[in-house]
Amino acid sequence: MPFTTNQPLKNLNTFGISVNAKFFAEILSEKDLATVFASDIVKANKLLVLGGGSNMLFIKDYEGLVLKVGIKGINVEERGDDVLVTAGAGEVWDVLVKYCVAKGYAGMENLTLIPGTVGASPIQNIGAYGVEVKDIFESCTAFEIATGEIRTFTKADCEFAYRESVFKGKLKGKFIVTSVTYRLSKKPNVQTHYGAINAELEKRGISEPTIADISEVVAAIRVSKLPDPSTIGNAGSFFKNPIIDQTVFEQLVSQFPDMPHYPAADGRVKLAAGWLIEACGFKGMVEGNTGTWKNQALVLVNHGGATGQEVYRFSETIINTVQQKFGVLLEREVNII
Ligand code: FAD
Ligand code: EPU
């Protein structure tokens with residue numbers, strides 16, 4: 001399995017940042033992993049695991065080995081009304097969603113049109129429109145870098161939370177996810193409570209939505225709000241929605257009564273980072289080659305030719321301004337590489 005050197009990554013990250021990797025290889029099977037990890041190049045270099053590059057901002061060339069995970073395959077096992085769907089880590093997430101929706105396997109439809117790969121779906125516990133991967137996650141297999149062994153992780157092992165998992169925490173950089181199994185159902189329990197889903201269904205005159213309807217409606221809402229990375233470079237929400245203590249929230253909401261907020265775990269409160277950023281005047285702002293998206297201030301964009309440093313510096317300005325106005329510290333959701 002060949003390594004390439006000085007590999008351009010511009011087309012391998014959705015921000016479209018022009019950087020190179022010192023070494024690069026694509027893994028198509030677990031056997032490829034074993035081969036790569038027997039090589040001297042792995043031993044002598046730092047390692048970056050790459051899926052679709054849709055949650056990364058490269059701020060410089062990568063002076064190490066980038067391993068793109070391309071392991072494919074979808075396997076379906078029916079268990080009564082439940083369906084266990086196992087997909088290779090390199091399957092494109094939205095291709096899997098469309099496959100499951102077409103087959104009538106319910107559970108993933110609210111997660112339609114999220115870019116990236118299956119293997120990355122548990123890393124930050126992807127979520128949208130009232131559903132997170134943890135709600136359908138059964139298990140995953142992962143290659144342990146230190147031992148070369150394949151280990152299985154249950155849902156409890158993964159310690160999922162909002163945009164978090166064990167793979168971003170204490171096991172960061174230690175495992176490469178090779179496949180994920182999702183528990184779906186042939187008996188849909190459609191989730192329409194989030195945001196604009198109900199309004200969009202009503203507009204379309206749909207009172208008893210199928211999972212295909214939900215998938216279509218979610219896609220339409222997303223297209224109206226989010227820039228398409230194939231034309232405008234971006235990595236989705238650049239920051240997490242901040243979660244704050246109830247007492248801090250009460251002080252803030254007395255000053256800003258129209259501030260959107262949602263209940264979070266342990267009696268805490270989640271704020272909408274997009275609203276905070278918009279309230280600081282950043283929505284749609286163009287700053288050199290970067291800026292925020294005109295329909296969603298939480299999304300930083302590359303208007304063409306932006307460097308990672310430029311986007312990063314702009315994100316710092318946003319963090320500082322939001323902190324000054326609201327006393328709330330925004331945390332980046334995108335991986336800075
Ligand atoms: P990458 O960006 O390649 O990698 C992300 C992280 O996962 C890195 O740390 C990488 O090292 C690690 N990783 C990747 N693959 C593996 C593997 N096989 N094993 C171990 N580690 C791995 N996210 C949401 O949650 N909800 C959304 O609604 C959403 N909307 C988005 C909209 C747009 C337009 C864009 C561009 C992004 C959006 N995202 C969203 C973010 C992104 O789609 C997800 O984070 C996605 O899971 C990233 O997948 P990826 O394969 O591109 O991962
Ligand atoms: N808002 C504004 N101004 C903005 C953007 C948002 O006022 O510029 C307000 C909205 O009006 C709404 C609230 O903020 O009241 C929430 O907005 P939205 O429903 O668009 O969702 P979000 O909180 O901004 C989150 C996720 C998205 C996910 C959507 C839908 C995070 C960090 N982001 O965005 O995920 O698609 O909900 O569930 O949790 C991603 O992670 O990359 C991503 C796109």
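Calculation rules
- Residues numbered from 1 in each chain as written.
- Chains lettered and ligands numbered in written order.
- Predicted model: local features only at pLDDT ≥ 70, side-chain atom pairs only at ≥ 80, totals over all residues.
- Heavy atoms only, no water.
- Near = heavy atom within 4 Å.
- Polar contact = N/O pair within 3.5 Å; in protein donor to acceptor, adjacent residues only side chain to side chain.
- Areas by Shrake-Rupley, 256 points an atom, 1.4 Å probe, with all protein chains shown as cover.
- Pairing = 2+ DSSP bridges.
- Helix = DSSP H or I, 4+ residues; strand = E, 2+ residues; numbered from the N terminus.
- Axes fitted to C-alpha atoms, helices over the stretch in contact; angles between N-to-C directions.
- Salt bridge = Lys/Arg side-chain N within 4 Å of Asp/Glu carboxyl O.
- Buried < 20%, exposed > 50% of the residue type's maximum accessible area, 1.4 Å probe, protein only.

Peer 1: Could you clarify how one ought to interpret the site of ligand 2 in this entry?
Peer 2: Residues in contact with ligand 2 amount to 23 residues; listed here are only the nearest, Tyr129, Tyr162, Glu278, Ala297 and Glu333. Within the contact set of ligand 2, an oxygen atom lies 3.4 Å away from a side-chain nitrogen or oxygen of Arg222. Separating an oxygen atom of ligand 2 from a side-chain N or O atom of Gln296 is a distance of 2.9 Å. Protein chains bury 82% of the 820 Å² of accessible surface belonging to ligand 2 in isolation.

Peer 1: Whenever I open this one, the sheet that holds strand S11 (residues 150-154) confuses me. Can you help?
Peer 2: Each strand in a sheet pairs with its neighbour through backbone hydrogen bonds, running either in the same direction (parallel) or in the opposite one (antiparallel). With respect to topology, five strands assemble into an open sheet ordered S6-S7-S12-S10-S11, the strand pairing being antiparallel. Two strands lie at the open edges of the sheet, namely strand S6 (74-79) and S11, each paired on one side alone. Shown here is a sheet whose adjacent strand axes are inclined to one another by a mean of 20 degrees, direction ignored.

Peer 1: Please explain the pattern of salt bridges as it appears in this structure.
Peer 2: Opposite charge on two side chains permits them to pair, given that their charged atoms come into close proximity. One pass over the structure, following the stated rule, counts 17 salt bridges. Glu77 is the salt-bridge partner of Arg79, the closest N and O atoms lying 3.0 Å from each other. The exposure class of Glu77 is partly exposed, given its relative accessible area of 36%. Residue Lys134 is joined to Asp135 by a salt bridge in which the shortest nitrogen-to-oxygen separation is 3.1 Å. Lys134 sits in the partly exposed class, given a relative accessible area of 29%. A relative accessible area of 42% means that Asp135 is categorised as partly exposed. Here the residues in one salt-bridge network are Glu200, Lys203, Arg204 and Glu216, joined through shared partners.

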